[in-house]
Amino acid sequence: MSGATATPLMAQYREIKARHPHAILFFRMGDFYEMFYEDAEVAARALDLTLTSRNNGGATEVPLAGVPVKAASEYLRRLVQQGHRVAICEQVEDPKLAKGIVKRAVIETVTPGAAFSDDLLDTGRNNWLCAVRAAGDEVGIAAADLSTGELRLVRCARRDADAALARLAPREVLVPAGGDGAAETLAGLAGALVTTREGWEFEPALAEDALAQQFAVRSLEGFGIGAADAVATGAAGALLRYLKELQPGGLPHLARPVVERPGGTMPLDEMTRRNLELVESLRARDDTSGTLLGVLDRTATPMGARLLRQWILAPLTDVAAITARLDAVTALFDDALARAALREALDGVRDVERLAGRTAAGRATPRDLRALGDSLARLPEVIAALRRTRLDGALRALADGWDDAAPLAAEIQATLVARPPIAFGDGETIAPGVSAPLDELRAIATGGKDAIAALQAEERTRTGIASLKVGYNRVFGYYIEITNAHRGSVPADYQRRQTLTGAERYITPALKEFEEKVLHATERMEALERELFEALRARTGAQVARLQAIARRCAEGDVLAALAEVAAREGYVRPVVDDGPALEIVRGRHPVVERMMPRDQFVPNDVTLTPDARMIILTGPNMAGKSTILRQIGLLVLMAQMGSYVPAAAARVGVADRVFTRVGASDNLVRGQSTFMVEMAETSAILHTATAQSLVLLDEIGRGTATWDGLSIAWAVSEHLHERVGCKTVFATHYHELTQLADEFVSVRNYNVAVQEAGERILFLHRLKPGGADRSYGIEVGRLAGLPAPVIARARALLRVLEGEQLVPALGGRPGARRATPAGGAAAPADQLALFAVPDPLVARLQDLDPDTLTPLQALALLADLSAEARARR
């Protein structure tokens, strides 16, 4: 980008680009955004643009690529989705008034984590930008959603940082250079852009000053932020500095920070979110079908959809808070008419949260602002429907603090037309009657033909020239044309403008004034409309905190109504939630799986875990539904603790501080970890983190290695959870030997998923019953999967051999426990367990023998032969 002979334009470009070296610079030139040098090359590859060149005033040609301003949003979306930062450089003065090069400045930098445009956002989820700071055993996370103005400060233990970040699922994360351990918390994030910032930007003292200045306060204590929150405050300081760089116009819509400290909500680690498919399907990250979110999301507003997602990913651990939500859901559940009225009223409410954010930031279009006004105008209907209920629990707080902003809604609706354009110049924005000068300009612009006819008639009367006519062309503008035959009747105030062969064209002071009005009416009308609109937007944006509070109340009412609607439609019941240790589910159902089946075909099951029976060893064949039951238990507990009804006939849920799941196989080839290594790492995390108040759901631990290694690990893990942790546990396994744990420990119970045998065929009943299973029916599952008949026959033959030589283990972990021995009591030879062992040749010969066809002499000879062969093999 060197060159002493650069043109003034390129010199201006280089100066601006130097201040934004890590972003692609969209440099406004008329109706295009141009990109030069490396930016042009990168954009050409990313957007499939034609790469050209521009003369730089010297011998070199500058690489160039451009996109039209009107189509820029699509190109911007594609760049940001690919992880690029884009700095938008606009012309900040009228080119007609510029003396020399038009002044330009970067008005914003768009990144994956910092965007306002709907094209770059998902309406159903927040677009979080996070900063992370680690200090000792604590991690502080500051999270901002630029589109809504939300700001959160999260303090958590280092071991819970990955769960906290995974819950937020940020699009971009800031970490300090040099490393304080913050980057280690990002392992569970997929696709997030990681931005490194200077370490000093994360200093708490600097952060306190920056936050106090942003919110115009002397101290952060009024926000509940104290010295103990320094690790999160430091992260917030770095985040605020970065946001101000991206948004030079300021952050007037940034809401006061909400602090989240350990406790209150349940951390959910990556494997639990993934295994239970809470908000993302295992098949595709952006697919919510087949997830708990997909089942529960009956919300009517975008902010309600985002809040529901937050509730699912942050179940409560405080019984009083859970009960408040359940009471509210119950009130709406019991009154179907009020619930329907509330949902209908909310259905017309647009995304008030993001509309308010764009308005305060000066980015709302006329159509955005009108949508905000129309949404506010529906709020009286919302509160009227809400007050028809009993107002129990959380509904009482919603109703007591309700604000419908009626004057603001009326002002917006009275000022703007019903269907304003997205951009100025594409139609009328300000309603008639708001501004007399504007109405006059419109009359001139739209009534020009009538005015010309009136002027022509007036001049014909004044001059007595019947052939006089008023006309217009692009070169001379408006004129009065008089034929040469009437030249002597031309009034003195006519000024000659053009001579034709048989006529003369004139102008008059009145016609010149009219021309000025008509020619400039549209331009002046647009300028006046913009002035009136921007004043209205500024007045509305000044109330952003009020609008954000309104949006939060609408969102909460929307989620509560949605939960009640799902409960009523799907036959859910209210769970009893307490601080006790028990978990009791009567006729529980999987909320997702039952939606994918014809009604009444899902088989419900009972599950009980108490201090005296806190561990279940669950056995049963493949495809019987063990994994479904595990996930079902986890989902019902999380639903209850988020304040939702649950799919069951009855349920009592003792609050769990954590829910851990290890279900299904996975690997991480990028990190160089095998399926078994991932399984062991996830199991290790559970054993180190679970407490007596946790719920642990394990499936097939130890299956990824040799049989006896896996069985030993599974046994030891079960012992540790039972004896040392003491948590509620359900362990699904094909190691039937684990059922012996029930003989070793008083709080272990055996259950199996029932099947019905019909010869060599089985029928899956999907029903839990006490006791352990003695077979896994894997060969039958292989037959159902379509394995060739010879393979199935060979597998059955091998199974009979192996079952005849199977060990009878006794792996009790207590002193004096017996060692594994064969059924006959002797030590088992190593080759007895070879998977592909074949029948002994002597046995095979005997099996092929037909004694009825042998003579006595042949029988004696054969017996001697077999005896000799047997002695020879000793």
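Reading the values: the criteria
Residues numbered from 1 in each chain as written. Predicted model: local features only at pLDDT ≥ 70, side-chain atom pairs only at ≥ 80, totals over all residues. Heavy atoms only, no water. Core = buried A, V, L, I, M, F, W, Y, C linked by side-chain atoms within 4.5 Å. Buried < 20%, exposed > 50% of the residue type's maximum accessible area, 1.4 Å probe, protein only. Contact = heavy atoms within 4.5 Å. pLDDT = per-residue confidence, 0-100. Phe/Tyr/Trp six-rings, centres within 6.5 Å; stacked < 30°, edge-to-face > 60°. Helix = DSSP H or I, 4+ residues; strand = E, 2+ residues; numbered from the N terminus. Lys NZ or Arg CZ within 6 Å of the ring centre and 35° of its normal. Salt bridge = Lys/Arg side-chain N within 4 Å of Asp/Glu carboxyl O. Pairing = 2+ DSSP bridges. Axes fitted to C-alpha atoms, helices over the stretch in contact; angles between N-to-C directions. Parallel < 35°, antiparallel > 145°, perpendicular 65-115°, else oblique. Left-handed = near helix turned anticlockwise from the far one by under 90°. Nonpolar A, V, L, I, M, F, W, Y, C, P; charged D, E, K, R; others polar.

### Details of the nonpolar core
In step 1: Grouped together as the largest cluster of nonpolar side chains are 128 residues, with contacts concentrated most on Leu278, Leu296, Ile312, Leu376, Leu395 and Leu560.
In step 2: Excluding residues that lie within four positions of it along the chain, Leu296 makes contacts with Leu308, Ile312, Ala562, Leu563, Val566, Tyr572, Met639, Met642 and Ser644.

### Description of the confidence of the model for the chain
In step 1: Averaged over all residues, the pLDDT of the chain is 87; the fraction at 70 or higher stands at 90%.
In step 2: For the stretch residues 667-672, pLDDT sits under 50, and the model shows 8 contacts to residues farther than four places along the chain or on other chains.
In step 3: For residues 807-837, every residue scores under 50 in pLDDT, and the model assigns this stretch 39 contacts once sequence neighbours within four places are set aside.

### Structural notes on the packing of aromatic side chains
The geometry of an aromatic ring pair is captured by the separation of the ring centres together with the interplanar angle, meaning the angle of the planes.
In step 1: Enumeration according to the criterion identifies 10 aromatic pairs in this entry.
In step 2: Both rings, one in Tyr13 and one in Phe27, keep their centres 5.4 Å apart while their planes meet at 85°; by these two values the pair is edge-to-face. Of the two residues, Tyr13 is situated in helix α1 (residues 8-18) and Phe27 in strand β1 (residues 24-29); the sequence distance between them amounts to 14 residues. Comparing Tyr13 with Phe27, the two get one shared label, buried.
In step 3: The cationic tip of Arg28 hangs over the ring face of Tyr33; the distance from NZ or CZ to the ring centre is 5.8 Å.

### Focus: the pattern of salt bridges
If charged atoms from side chains of opposite charge come close, those side chains can pair.
In step 1: The tally for this structure, following the rule as stated, stands at 50 salt bridges.
In step 2: Note that Glu108 and Arg363 form a salt bridge whose closest N and O atoms lie 3.0 Å from each other. Linking Glu108 in strand β6 (residues 104-110) with Arg363 in the loop between α12 (352-360) and α13 (366-377), this pair joins segments that are 255 residues apart in sequence.
In step 3: With relative accessibility at 24%, the residue Arg363 sits in the partly exposed group.
In step 4: Beyond isolated ion pairs, a larger network of salt bridges with shared partners links Glu138, Arg155, Asp229 and Arg261.

### Overview of the pairing of strand β22 (residues 659-662)
In step 1: Burial along β22 is two-sided: Val659 and Thr661 and Phe660 and Arg662, pointing in opposite directions, are all buried.
In step 2: Sheet topology places β22 next to strand β23 (residues 695-699); 4 bridges connect them, and they run parallel. Pairing of Val659 across the sheet is with Leu695, part of β23.

### Looking at the packing of α12 against α13
In step 1: The geometry of α12 relative to α13 is characterised by a closest axis approach of 10 Å and an angle of 135° between their N-to-C directions. Between α12 and α13, the angle falls in the class oblique. Note that α12 runs across α13; the crossing there is left-handed. Every residue of α13 that contacts α12 at Val352, Leu355, Arg358 and Thr359 is listed here: Asp368, Leu369, Ala371, Leu372 and Ser375.
In step 2: Of the residues belonging to the contact of α12 with α13, the class tally is 5 nonpolar, 2 polar and 2 charged.

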